[in-house]
Amino acid sequence: MKARKVAHQQKQPYYKWKRKYFAVLLMTLCFGSLSLLMMQSQYSRIMTLSSSLRAQKPKIAFLFIARNRLPLDIVWDSFFQGGENRFSIYVHSRPGFLFNKATTRSDYFLNRQVNDSIQVDWGQASMIEAERILLRHALEDTYNQRFVFLSDSCIPLYNFSYIYDYIMSTSTSFVDSFADTKEGRYNPLMAPVIPVYNWRKGSQWVVLTRKHAEVVVNDNIVFPMFQWHCKRRSLPEFWRDRPLPADASKEHNCIPDEHYVQTLLAHEGLEEEITRRSLTYSSWDLSSSKDRERRGWHPVTYKYSDGTPKLLKSIKEIDNIYYETENRREWCSSKGEPSACFLFARKFTRPAALRLLNTSALEL
């Protein structure tokens, strides 16, 4: 009995060691399996993210310049429904204005206002500063590769896929730009920073590549010249809030938004990188005003009665643009083939735009 008890006591340390060994082995296997599962999960997440990054297409940033709300937001809502993950939206409105459920009927515009907007005065450098603010915000998203400026009265003429392919199919910016030889807007005080041979005019509704958008945002040479020397002439309608100039002939009626981007790109030697036409249609009717001073200053505004398929058809059929000051005709093309010149049009009132949308004239 005594010998058997001693043998049993001798076996107990062996069994304890064996149990500890198996416990350690089991814990090692459990931790190993858990680590393997975590590594597989992390690898799966990395692969999913990598696949997502590969699938993310370049985006177009739509930059809206508005007084307050966007009266045509429902039209744009229909347009954007075809382009998820291929666009972003930024709106410059008056300071303090918010796009919320009370001010927009489209979820696409909710909280899309920039938070550092400024008061914009027509004919002043504040307009081009608003453009620079929009670009600064849009450039923060590295996927934004094209930047489209739009007014609050613009409508799209085609569906999202067509416009996206049209814009992304070329490596150039679309900038309406031509020599301004007869309007007397150039101020000699801008020289020598801006020599007269770099002075350009065109529509402010441009489409920029990322490279050119960065040029605009980083500019600290040409922009100050516009701030200092490009002023609005004191037309009669403005005499109420500013004194009548002593010598009106010395004023230069320089509308900055019609000159800045064009002149800047010329100054930087980048004109070979642009398609020299706008993608936004405007109708300038010189006979629409009885006031000689106002004549030709603003494009035609389309009202409800104008909102017909016939109007859209006439705009879409335009395939060339003639520039009188350069005796140049710009034939429009896309992907090497003849195409319509315009993707957007203005100025449309809300009734006119909704009429086009409700009658399916806008095929969005």
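Every value quoted in this text rests on a predicted model; they were computed, and no experiment measured them.

> Got a sec to walk through the state of the cysteines? Specific residues and values, please.
Enumeration over the complete set of coordinates arrives at two disulfides. Across the disulfide from Cys230 sits Cys254; the S-S distance is 1.6 Å. A torsion of -80° about the S-S bond marks the disulfide between Cys230 and Cys254 as left-handed. Remark: Cys254 occurs in the loop between helix 6 (222–229) and helix 7 (260–267) and Cys230 occurs in the loop between helix 6 and helix 7; sequence separation between them is 24 residues. Relative accessible area serves as the criterion here: at 0%, Cys254 is assigned to the buried category. With a sulfur-sulfur separation of 1.8 Å, Cys332 is cross-linked through a disulfide to Cys341. Here the disulfide of Cys332 and Cys341 is right-handed, its torsion about the S-S bond being about 95°. Residue Cys341 is classed as buried on the basis of its relative accessible area, which comes to 0%. Each bonded cysteine of the protein chain gets a number by its place in the sequence, and the pairs then read 1-2, 3-4.

> Help me get a handle on the nonpolar core, residues and values and all.
The biggest cluster of nonpolar side chains holds 52 residues, and the ones touching the most others in it are Phe62, Phe64, Trp76, Phe80, Ile155 and Phe348. Broken down by element, this core gets its largest block of residues, five residues, from helix 4 (residues 160–168). If we ignore the near neighbours within four places in the chain, the residues touching Phe62 are Phe79, Phe80, Phe87, Ser88, Ile89, Tyr90, Val148, Leu150, Phe160 and Phe344.

> Summarise the packing of helix 2 (residues 73–80) against helix 9 (residues 350–358); cite the residues concerned and give the values.
Running from amino to carboxyl end, helix 2 crosses helix 9 at an angle of 35°, the nearest separation of the two axes being 9 Å. Seen from helix 2, the contacting residues are Ile74, Val75 and Ser78; seen from helix 9, they are Ala353, Leu354 and Leu357. Considered class by class, the residues forming the contact of helix 2 with helix 9 number five nonpolar, one polar and no charged.

> If you had to explain the environment of Arg329 to someone new, which residues and values would you point to?
Its location among the elements puts Arg329 in strand 12 (residues 328–331). Discounting residues that sit within four places of it in the chain, Arg329 has contacts with Asn320, Ile321 and Tyr322. Within polar-contact distance, the side chain of Arg329 engages the side chain of Asn320 at 2.5 Å.

> So what's going on with helix 3 (residues 126–138)? Residues and values would help.
The terminal C-alpha atoms of helix 3, which comprises 13 residues, lie 18 Å apart, in line with the 18 Å expected from a rise of 1.5 Å per residue. All of the buried residues in helix 3 are Ser126, Met127, Ile128, Glu129, Ala130, Glu131, Arg132, Ile133, Leu134, Leu135, His137 and Ala138.

> For the pairing of strand 1 (residues 59–65), give the residues involved together with the corresponding values.
Taken across its seven residues, strand 1 has seven buried, putting it largely inside the fold. Judged by which residues are buried, strand 1 turns out to be covered on both faces: Lys59, Ala61, Leu63 and Ile65 on one side and Ile60, Phe62 and Phe64 on the other are all buried. Pairing between strand 1 and strand 3 (residues 144–151): seven bridges, direction parallel. Bridging across to strand 3, Ile60 finds its partner in Arg146. Crossover connection from strand 1 via helix 2 to parallel strand 2 (residues 87–92): handedness right-handed.

> Summarise the environment of Asp165; cite the residues concerned and give the values.
Tracing the sequence through the fold places Asp165 in helix 4. As for Asp165 and Ser334, which are separated by 169 residues in sequence, their C-alpha atoms are 9.1 Å apart.

> Talk me through the packing of aromatic side chains; I want residue IDs and the actual numbers.
The description of two aromatic rings rests on the distance between their centres and on the angle between their planes. If you walk through the whole model with that rule in mind, you get 28 aromatic pairs. With centroids separated by 5.1 Å and ring planes inclined at 75°, the aromatic side chains of Phe97 and Phe99 adopt a geometry described as edge-to-face. Ring centres of Trp199 and Phe226 lie 5.7 Å apart, and the angle between their planes is 20°; this geometry places the pair in the stacked category. Placement of Trp199 in the loop between strand 6 (178–179) and strand 7 (200–201) and of Phe226 in helix 6 is noted, with a sequence separation of 27 residues between them. Judged by its relative accessible area of 0%, Phe226 is buried. Members of the aromatic cluster, connected to one another through ring pairs, are Phe62, Phe64, Trp76, Phe79, Phe80, Phe87, Tyr108, Phe109, Phe160, Tyr164 and Phe344. Between the NZ or CZ atom of Arg328 and the centre of the ring of Tyr323, over which it lies, the distance is 4.1 Å. Above the plane of the ring of Tyr304 lies Arg355, whose end atom (NZ or CZ) is 4.7 Å from the centre.

Cut-offs used in this document
- Here the residue numbering is sequential within each chain, running from 1 through the sequence in written order.
- Per-residue local features are limited, in this predicted model, to residues with pLDDT of at least 70; the limit for side-chain atom pairs, both in listing and counting, is 80 or more; totals at the level of whole chains, interfaces and linings are taken over all residues.
- Excluding hydrogens and water, the side-chain figures rest on all heavy atoms present in the structure.
- When the sulfur atoms of two cysteines come within 2.5 Å, that pair is taken as a disulfide.
- Put simply, DSSP marks the helices as runs of H or I at least four residues long and the strands as runs of E at least two long, and each gets a number from the N terminus on.
- Between buried and exposed lies partly exposed: a residue is buried under 20% and exposed over 50% of the maximum accessible area for its type, with that area taken using a 1.4 Å probe on protein chains only.
- Only buried residues count toward a nonpolar core. Its members are Ala, Val, Leu, Ile, Met, Phe, Trp, Tyr and Cys residues joined through side-chain atoms within 4.5 Å.
- The contact definition used throughout considers only heavy atoms, calling two residues in contact when any of these lie within 4.5 Å.
- Lines fitted to the C-alpha atoms define the axes, with helices restricted to the stretch that makes contact. Angles between their N-to-C directions range from 0 to 180 degrees.
- Residues are sorted three ways: Asp, Glu, Lys and Arg are charged, Ala, Val, Leu, Ile, Met, Phe, Trp, Tyr, Cys and Pro are nonpolar, and all the rest, Gly among them, are polar.
- Any pair of nitrogen or oxygen atoms within 3.5 Å is treated as a polar contact; in protein, a donor-acceptor pairing is required on top of that, and neighbouring residues in sequence qualify only through side-chain atoms on both sides.
- Multiply 1.5 Å by the residue count of a helix minus one, and that product is the helix's expected span.
- Strands are labelled as partners when DSSP assigns at least two bridges between them.
- Looking down the strands as they point away from the viewer, one classifies a crossover as right-handed if the path from the first strand across the helix to the second runs clockwise.
- Side-chain rings of Phe, Tyr and Trp (the six-membered ring for Trp) are treated as a pair once their centres are within 6.5 Å; stacked means planes under 30 degrees apart, edge-to-face means over 60, and tilted covers the remaining angles.
- We count a charge as sitting over a ring when the NZ of a lysine or the CZ of an arginine lies within 6 Å of the ring centre and within 35 degrees of the ring normal.

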